[in-house]
Amino acid sequence: RRVHGSRRYIQYCGGRTEAVMKTDICSFSGYKVMPGHGITFVRLDNKVFKFRDHRVKKLFQHKHKAAKFRWTCLFRRLNKKGSIEAQQKKLKRKVKKETARTYVGLNKDDILKVRTRKPEEKEQAKEIAKKEMKKRIEKLKALKKATKAKAAAKGGKQLKDKQVKTGGKGRQRRQRLLCWFLLSCCIVQQ
Amino acid sequence: RYFFFFSSRRRHTRCREVSWARRCVQETGYQRRVHGDYQWLKMATRGRGGQTGTKLKMSLGLPVGALINCADNTGAKNLSVIAVSRYGGRLKRLPAATIGDMILCSCKKGKPELKKKVLQAVIIRQRKPWRRLDGSFVYFEDNAAVIVTNKGEMKGSIITGPVAKECGELWPRIASKAPAVLQLNDYDLQFHSQKKKK
């Protein structure tokens, strides 16, 4: 396919246009009509009929009823043909397979194990994590107290103020880090 | 980018054209116009009475001698095509009109005031299927025209039945009198808005 001929036409067109090509449904047979296929008939009462092909168009013109033709969607719907299959198809949906990628420090299998844990196991793990966290927090508190005591011994309101200031956000951040650390520990342990 | 070469041989094969246009729009994102369209663009500069814009080449369904319905309330029932405005001509070829063409015609059935004289009309519907740019073919149930003055203003006040989009775009006076629904596709609506942007 040579290129240079068509370039001229595109110049005339003067720019890109995007269009969505919609598939229509044949108004006689009920099948899909792909873009560029079929023929459209506009009746005087403003009703639009789309026909998939000449055959179907002729049937319509001869005033045949779609419901009397066994192969049409309308017939099938009215006589309840094949609906069970359609339903089954809907039920037969692919079960999503759990997959995981390996990251540095975390193995694929370990991640999968954590993800596909049963709810009871999850709860157990949570409780363990909570306990661990409490321990750690208490440890930290102890450390804090110790540092405070030291600071008090050294003397100075400034240090106290500083600690008070960082109390809120810093504590939360530390707790968050702890949680993350603990969870990752749990994953690794398992 | 995937360009299609449109040779003179290919120009006359319909099915190729259709899929080419479709693919053209989808893959390359370029709107493709029929070669004849460029000719019409040239012609538009000459200025038609009352007509606005250009028209793509459509299948000519109404040659001289055709008897078509009059779709307005002027009192004429029939219109017999005598000539087609702005028709070039070829030896022994009957001038033929399509939707949006202005024709010279005479009324064969209807009010005596309208009979036995040459009238001007614009065709709003045709039975001959014509191809739209999205590749679809459309046709109406009957052939119909509305009587019109030199300047493109309608003589009647009401139009019965649908009006083709191609005609409505070209003749704003007719479009304004057209009933609620002009034959418009979703694609055409998109297309239409893009044209306006330009």
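Thresholds, definitions, all that
Residues numbered from 1 in each chain as written. Chains lettered and ligands numbered in written order. Predicted model: local features only at pLDDT ≥ 70, side-chain atom pairs only at ≥ 80, totals over all residues. Heavy atoms only, no water. Helix = DSSP H or I, 4+ residues; strand = E, 2+ residues; numbered from the N terminus. Buried < 20%, exposed > 50% of the residue type's maximum accessible area, 1.4 Å probe, protein only. Contact = heavy atoms within 4.5 Å. Areas by Shrake-Rupley, 256 points an atom, 1.4 Å probe, with all protein chains shown as cover. Expected span 1.5 Å × (residues − 1). Patch = residues over 30% accessible without salt bridge, like charges linked within 9 Å, V, L, I, M, F, W, Y side chains within 5 Å. Salt bridge = Lys/Arg side-chain N within 4 Å of Asp/Glu carboxyl O. Lys, Arg positive; Asp, Glu negative; His and termini not counted. Charge placed at Lys NZ, Arg CZ, Asp CG, Glu CD. Pairing = 2+ DSSP bridges. pLDDT = per-residue confidence, 0-100. Phe/Tyr/Trp six-rings, centres within 6.5 Å; stacked < 30°, edge-to-face > 60°.

A. Spotlight on the overall build of chain B. Helix and strand counts for chain B come out as five helices and 11 strands. Out of the 198 residues in chain B, the part that is buried amounts to 50%. Considering only contacts within chain B whose residues lie at least 6 apart along the sequence, 56% involve residues at least 24 apart. For chain B, the accessible surface area stands at approximately 9,900 Å², while carbon and sulfur atoms represent 52% of it.

B. Looking closely at helix H6 (residues 119-154) of chain A. For H6(A), built from 36 residues, the straight-helix expectation of 52 Å at 1.5 Å per residue is met to within 8% by its first-to-last C-alpha distance of 51 Å. Of the positions making up H6(A), those classed as buried are Ala125(A), Ala129(A), Ile137(A) and Ala151(A).

C. A look at a negative patch on the surface. Residues Glu120(A), Glu121(A), Glu123(A) and Glu127(A) make up a contiguous surface patch of negative charge. With respect to the secondary-structure elements, Glu123(A) resides in helix H6.

D. Molecular detail of the sheet that holds strand E4 (residues 48-51) of chain A. Across the sheet, which stays open at both edges, the four strands sit in the order E4(A)-E3(A)-E8(B)-E7(B) with mixed pairing between neighbours. This sheet does not close on itself; its edge strands, each paired only once, are E4 of chain A together with strand E7 (130-131) of chain B. As judged from the two bridges shared by E7(B) and strand E8 (residues 137-140) of chain B, these two strands associate in the antiparallel manner. Of the residues in E8(B), the one forming a bridge with Arg131(B) is Phe137(B).

E. Structural detail: the pattern of salt bridges. Residues and elements named next belong to chain B. Going through the model one piece at a time under the given rule, you end up with six salt bridges over all chains. Salt-bridge contacts for Asp-142 lead to Arg-125; the nearest nitrogen and oxygen are separated by 2.8 Å. Taken as a pair, Asp-142 in the loop between E8 and strand E9 (144-148) and Arg-125 in strand E6 (residues 118-125) lie far apart in primary sequence, 17 residues in all. Where Glu-153 meets Arg-173, a salt bridge forms, and the shortest distance between an N and an O atom there is 3.6 Å.

F. Summary view of the environment of Gly152(B). Residues and elements named next belong to chain B. Within the fold, Gly-152 resides in the loop between E9 and strand E10 (163-164). Residue Gly-152 is classed as buried on the basis of its relative accessible area, which comes to 0%. Each C-alpha atom, one on Gly-152 and one on Ala-121, is 8.6 Å from the other, the two residues being 31 residues apart in sequence.

G. Highlighting the confidence of the model for chain B. Residues and elements named next belong to chain B. For chain B, per-residue confidence averages 76 on the pLDDT scale, and 66% of positions sit at 70 or higher. Scored below 50 in pLDDT, residues 1-47 shows 87 contacts in the model against residues more than four places distant or in partner chains. Segment residues 189-198 is flagged for pLDDT under 50; beyond a separation of four residues in sequence, or across chains, it makes 15 contacts in the model. Across the predicted assembly, pTM comes out at 0.57 and ipTM at 0.71.

H. Just the pairing of E8(B), in detail. Neither face of E8(B) is open: one carries Phe137(B) and Tyr139(B), the other Val138(B) and Phe140(B), and all of them are buried. The loop that links E7(B) with its antiparallel partner E8(B) comprises five residues; one of these, Gly135(B), has a positive phi angle of about 95°.

I. Fine view of the environment of Thr52(B). Residue and element names in this part refer to chain B. Along the chain, the position of Thr-52 falls in the loop between helix H2 (35-44) and strand E1 (62-63). For Thr-52, a relative accessible area of 36% puts it in the partly exposed group. Between the C-alpha atoms of Thr-52 and Gly-152, which are 100 residues apart in sequence, the distance is 9.8 Å. Aside from chain neighbours lying at most four places away, what touches Thr-52 is Glu-169, Leu-170 and Pro-172.

J. Quick peek at the packing of aromatic side chains. What the rule picks out here adds up to 11 aromatic pairs over all chains. With a centroid separation of 6.2 Å and 25° between ring planes, the pair formed by Phe41(A) and Phe49(A) is classed as stacked. Both residues of the pair, Phe41(A) and Phe49(A), count as buried. Following the ring pairs from residue to residue traces out a cluster consisting of Phe41(A), Phe49(A), Phe51(A), Phe60(A) and Tyr139(B).

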